[in-house]
Structures are given as structure tokens and as C-alpha cells.
Amino acid sequence: MKIRSMVFAAVFFMFFVTFIKVSEAESLKISSFTSLNDAITTIGAANKTLIIDSATIMTSEATIPTNISIIMECPGSINNSYSLSINGPFSGGLYQAFTGDGPVVFGNGSVKEIYPEWWGAKGDGSESYSSIQKAITAALAGVQAVRFSSGIYHIGSTINIDRPVDTTHETLKLIGNGASVLYLTSPINMFSSTLDDSSTRPLSENIEFQNLTFRVDDSSRNAYVLHGEKFLRIKFISCFFDKIKCLVSNIYLQSFIFSNCYIKYWSGYFIRVNAESYDIAFIGNWVEAGGAFFRTVSAAHHPVNGVRYLGNLIEGLSGTVIEGGNFRGLSIVGNYFEENARDGVLPAIELNADGYNYGVQITGNFFSVSSQNLTNPDYWEVDLGATVGMKSGGNYSTGQLYNNTSAIDFYTNDDYSTVVLARKLSTSTFTATLIGCTSSITGVVKYDRHGKSVTLYLPTILGTSNSTAALLAGLPTHLYPVTQQIVPVRITNNGRFC
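Residues numbered from 1 in each chain as written. Predicted model: local features only at pLDDT ≥ 70, side-chain atom pairs only at ≥ 80, totals over all residues. Heavy atoms only, no water.

Draft legend 1. Seen up close, the environment of V287. Mapping V287 onto the fold places it in strand 25 (residues 286–288). Put simply, V287 and N312 are 25 residues apart on the chain and 7.6 Å apart in space, counted from C-alpha to C-alpha. When residues no more than four places from it in sequence are discounted, the contact partners of V287 are I263, W266, F293, L313, I314, E315 and L317. (Helix = DSSP H or I, 4+ residues; strand = E, 2+ residues; numbered from the N terminus. Contact = heavy atoms within 4.5 Å.)

Below is the structure:
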């Protein structure tokens, strides 16, 4: 029995020693080689893990094959003065891994995400432009994801993202953790592209920003997140825009989605497009205490197609919520609007800037009019302009909601608001003749609309009735959205004829 135990112990010891030797043989340190190129050549086709725990150099371009795994250990680094391709698994912490200017390309499966810290970013407010640019350039070559950690990344120069249109189905993702701040202190575009085209169309596409804060130190700076004429098919998801505008463009804007973002404290227009727009959506955002939000007006009178405001909170803007015209399909549904257009120059929703609008839906919204606009008889929340095919329903406004004297086929159901009629007449009033009385009515006439039921509030009428059926003629035609004709309305005063 004693002999068997001794034999077992000896066998176990031999196995354990052999295991340790194999593990040590599979892991090699960069200090054993004169350069990264030397290590790759020496290892050859063997399956090895190369630990880079000290600075190493490159003597020429290099490709790390799939059989070599790289583990970066601080203070280890690679002076990538030449092009470097990494096809094997790569692991690195939040410290600098690459100290040169040569391009780094990660092959499929080598890493899931790329960190600007690998090129020297610290997230402590120091300059991070070069580190972020190199990380994005590396991601574009294959990995398609850049991860930002907690901290402030100062950006002193514009970062370029070159994603040519229709060259890949993949989306480049720039991802933060909610405490990742990209910070400007100068009036520049944070992101642009070197791609250009003589036909003046955006050429860089399919980019998604997640959980990032975009910030400028002073809202008076003319600073933007994007060069508006370079990008299309862009998503902002759960991002915070702090004092910074998104973009300005003199060419068309296409496929921009803002979802669950917090947008605050900017001046001027958050988005200004001096051209047409296509497929623009604002979904579930908090928008507060800024200037004007979104303007799209084409000098060439091109249409604006497919704009959606769905379930947003938009509050305390000095300017308009939306400003434009020539819309083809505009949905404003389920939003909370409070005290916008505080300067009183334009309505909160101005659809009268350019041409006819076709297919407008405004439903299920709450409008709280600011105190200064409530006392202004010339202010209304929505100017429909020349709109054909308008559906409204389930809206509530604390003040004057629609100016719709030019609207055609206006259908409303269960709206509640006080509306000033005929705002576009030169005197801001309309004259209605009271048939069967000796005087006519001149002045502002208000009504409450409850679905299809309309209650008129008339000024004091002097005169006596010469008929048992006093009628009011001359009402604006938009009270009759289907037939578009003037219909005499019977007038009562506490159940009595005037």
C-alpha cells in the first residue's frame, strides 16, 4: 500500500512539472526578442502567447498571425512606426499600447472593441484628438466599434470619419458609458470626413453614436458635432448634447435619427438645413432651454420628406420647435411641448416657410403656451400654412393652437384649445354679418373646438333682431373642413335670440 502511494505521488509530480513547463513554453515575453518582427519570425507557426510588458520596436511592416495571442501589460508598448496588422487575439488595458504613427489594423475576431487609450488618450481633459483619430481609423479597417471610458476627452481638431456610401452593410459605432465626454473649446466641427464630391452630396454614412456626451465650453461658440454636408444615415442614441449644436448644412440631409437623447443649452438652431431633408426622426428625447430646434427650408423649393416627432419632451426653447415647409409626410405625435417660441417671433411649429404641405398629422400632443405668448393675441402654437391633408386629434393646448386659414381637407377630432380665426387677414380679424340683426360683427372671434363641435365666443352685439331666426354668415371656411363652404350658423345667447 505504501509503495502504491509513492508511485502515485511520483506520477502526479511528473505530470504537474510537465504542465508547468508547457504553460511557460506557450507564453513568451517580448524582452526575449530584439523587436516585434523578431518575435513573429522566431515563433513562426507555433501557438504562442506573446506578453508585451516592455517597450518594443518594429523594424518593418508586420502581420501578427492568428496563432500568436498578444497580451499588453503596462508599461509595455509597441512603437508602430510601420504598418501593423493584428490577426490573433489582442488584449490590452486602458493604457497606451501603440506609440508610433503607423496604421494598425485588427483582423476579424482579434478584438471586439477599440479604445482611444491604446493610442495615449487619458480622459483627464488633456488633448485626445490624435488618439481618437487613430482609434477610429483602426476601427474603420475592420472592427467597427470604438469604446470611450469615463472621463473628458478634449478635442482640439476635427476628427475625420470616412465611410464611403454603399461600401459596407456594417455600422461604425462610437460607444460611451454615460460618463464619456467629448469636449470642445473652439468653434469647429467635432467630426467631419475627407471624402468629397463635386456633386455636393454627403458621402460618409452608417455611423451610430451611443451614450456619449458632446460638450462645448461656451454656447456662444459656433461649434457643431458634425459637418452637416459630409454625413448621412446617422443615429444618436442616448447621447447628451451640452451647449453644442448638431449641424448646419447647405445640401440635403438624409436619414438622421435621434433617440432617447438629452439636448440642452445651445444657442441658434440645433439643426439648420438650407435645403431639403429626408427621413428625419426625433423619438423619445428631452429637449430643453435652447434656441430653435430644427429648420429645413430648400431655396430650390424641394420637398421635405418623412419627418417624425414621436414622444418627445420639448420645453423652454426661445425659438421654434420645427420650422419649414413643403413637407411630404410630417408626423407630430404624443409629444409634450411647454413654453416654446418664447421670443414670440414665430409659432412653436411653423409650417409656412415654403410651399404646400401634404400629409400632416398632429395628434395626442400637449401644448403649454408661455405666459407672454398667452397674452399676445397674434401668437399661436402652430401655423399650418398651405397644408393639404391635415389630421389633428387628441391635442390639448392652454392657448391658441392652430392658425389654419390656408389648410385644405383639415380633419380634427377631440382637440381642445382656444383658437384665433383668420389670423392671416390684414387686420387680424374677420367681419361676419349677423343676418336678422341691425348690426354686423367686427373683431376677433374665438372658438373652442371639441372634436367636430365648435362653440363661438362673440364680442358684444348691439342691435335688435328683426327675425326669429338670426343667422351668422361669413365665418372662415376652415370651420368646415370637408365641404369648404360658408354655412350660416344660428346664434344664441343663453338660449335667446339676440
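Draft legend 2. Structural view of the sheet that holds strand 15 (residues 189–192). Taking strand neighbours across the sheet as the criterion, the three strands line up as 13-15-17 in an open arrangement whose pairing is parallel. With one partner strand each, in any of the chains shown, strand 13 (159–160) and strand 17 (224–226) form the two edges of the open sheet. Here strand 13 pairs with strand 15 via two bridges, running parallel. Bridging from a neighbouring strand, N160 pairs with S192 of strand 15. (Pairing = 2+ DSSP bridges.)

Draft legend 3. Local environment of helix 3 (residues 129–143). The end-to-end C-alpha separation of helix 3 is 20 Å, in line with the 21 Å expected for 15 residues at 1.5 Å each. What helix 3 keeps buried is the set S131, I132, Q133, A135, I136, A138, A139, G142 and V143. Residues of helix 3 that are buried in the fold lie against strand 9 (104–106), strand 11 (145–147), strand 12 (151–154), strand 13, strand 14 (172–184) and strand 15. Positive backbone phi, at 70°, marks Q144, one or two positions downstream of helix 3. (Expected span 1.5 Å × (residues − 1). Buried < 20%, exposed > 50% of the residue type's maximum accessible area, 1.4 Å probe, protein only.)

Draft legend 4. Structural context of the packing of aromatic side chains. In this structure the tally under the stated criterion is 34 aromatic pairs. With a centroid separation of 5.4 Å and an interplanar angle of 10°, the aromatic rings of F270 and F293 are classed as stacked. Of this pair, F270 sits in strand 23 (residues 269–273) while F293 sits in strand 26 (residues 292–296), and the two are 23 residues apart along the sequence. Residue F270 shares its accessibility class with F293, and that shared class is buried. Where Y336 meets F366, the ring centres are 5.1 Å apart and the plane angle is 20°; that geometry is what we call stacked. In this pair, Y336 is assigned in strand 31 (residues 336–338) and F366 in strand 34 (residues 366–368), connecting sequence segments 30 residues apart. Here Y336 falls in the partly exposed class, since its relative accessible area comes to 32%. Cluster of aromatic residues (ring-pair linked, three or more members): F191, F209, F214, F236, F241, F258, W266, F270, F282, F293, F294 and Y309. The aromatic ring of Y224 is capped on one face by K245, whose charged end is 5.3 Å from the ring centroid. (Phe/Tyr/Trp six-rings, centres within 6.5 Å; stacked < 30°, edge-to-face > 60°. Lys NZ or Arg CZ within 6 Å of the ring centre and 35° of its normal.)

Draft legend 5. Spotlight on the sheet that holds strand 8 (residues 90–91). Taking strand neighbours across the sheet as the criterion, the four strands line up as 1-2-5-8 in an open arrangement whose pairing is parallel. Edge positions in the sheet fall to strand 1 (27–29) and strand 8, since each has one partner strand and no second. In the sheet, strand 5 (residues 68–72) pairs with strand 8 via two bridges, with the strands oriented parallel. Bridge pairing links I70 to F90 in strand 8.

Draft legend 6. How the structure looks around the side chain of N357. Examined against the element boundaries, N357 turns out to sit in strand 33 (residues 357–363). Side-chain polar atoms of N357 contact the backbone nitrogen of F327, separated by 3.0 Å. Here L384 takes part through its backbone oxygen, which lies 3.3 Å from a polar atom of the side chain of N357. If near-sequence neighbours (up to four positions away) are discounted, N357 is found in contact with G325, N326, F327, R328, L351, L384, A386, T387 and V388. (Polar contact = N/O pair within 3.5 Å; in protein donor to acceptor, adjacent residues only side chain to side chain.)

Draft legend 7. View of the nonpolar core. By size, the foremost hydrophobic cluster in this structure holds 103 residues, and its most contacted members are F98, F106, F191, F209, F214, F236 and F241. In terms of residue count, helix 3 provides more of this core than any other element does, six residues in total. Setting aside residues up to four positions removed in sequence, F214 forms contacts with L182, M190, F191, F209, V225, F236, C239, F240, F241, D242 and I244. (Core = buried A, V, L, I, M, F, W, Y, C linked by side-chain atoms within 4.5 Å.)

Draft legend 8. Just the pairing of strand 21 (residues 253–259), in detail. When you tally the buried positions in strand 21, you get five out of seven residues, the bulk of the element. Both strand 18 (residues 231–237) and strand 21 contribute to a ladder of four bridges, which runs parallel. Residue pairing in the sheet places F236 in a bridge with F258 of strand 21.

Draft legend 9. Structural detail: the state of the cysteines. Applying the stated criterion across every chain yields a total of zero disulfides. As a non-bridged cysteine, C246 has C261 as the owner of its nearest cysteine sulfur, 9.1 Å distant. Note on C246: relative accessible area 0%, which makes it buried. Cysteine C261 shares no disulfide, and the gap to the nearest cysteine sulfur, in C239, comes to 4.9 Å. (Disulfide = S-S within 2.5 Å.)

Draft legend 10. Inspection of the pairing of strand 2 (residues 48–52) at higher detail. In this sheet, strand 2 lies alongside strand 1 in parallel orientation, the contact comprising three bridges. Bridging from a neighbouring strand, S27 pairs with T49 of strand 2. With helix 2 (residues 36–43) bridging strand 1 and the parallel strand 2, this β-α-β connection has right-handed handedness. Here strand 2 pairs with strand 5 via five bridges, running parallel. Bridge pairing in strand 5 links T49 to S69. (Right-handed = clockwise from strand over helix to strand, strands pointing away.)

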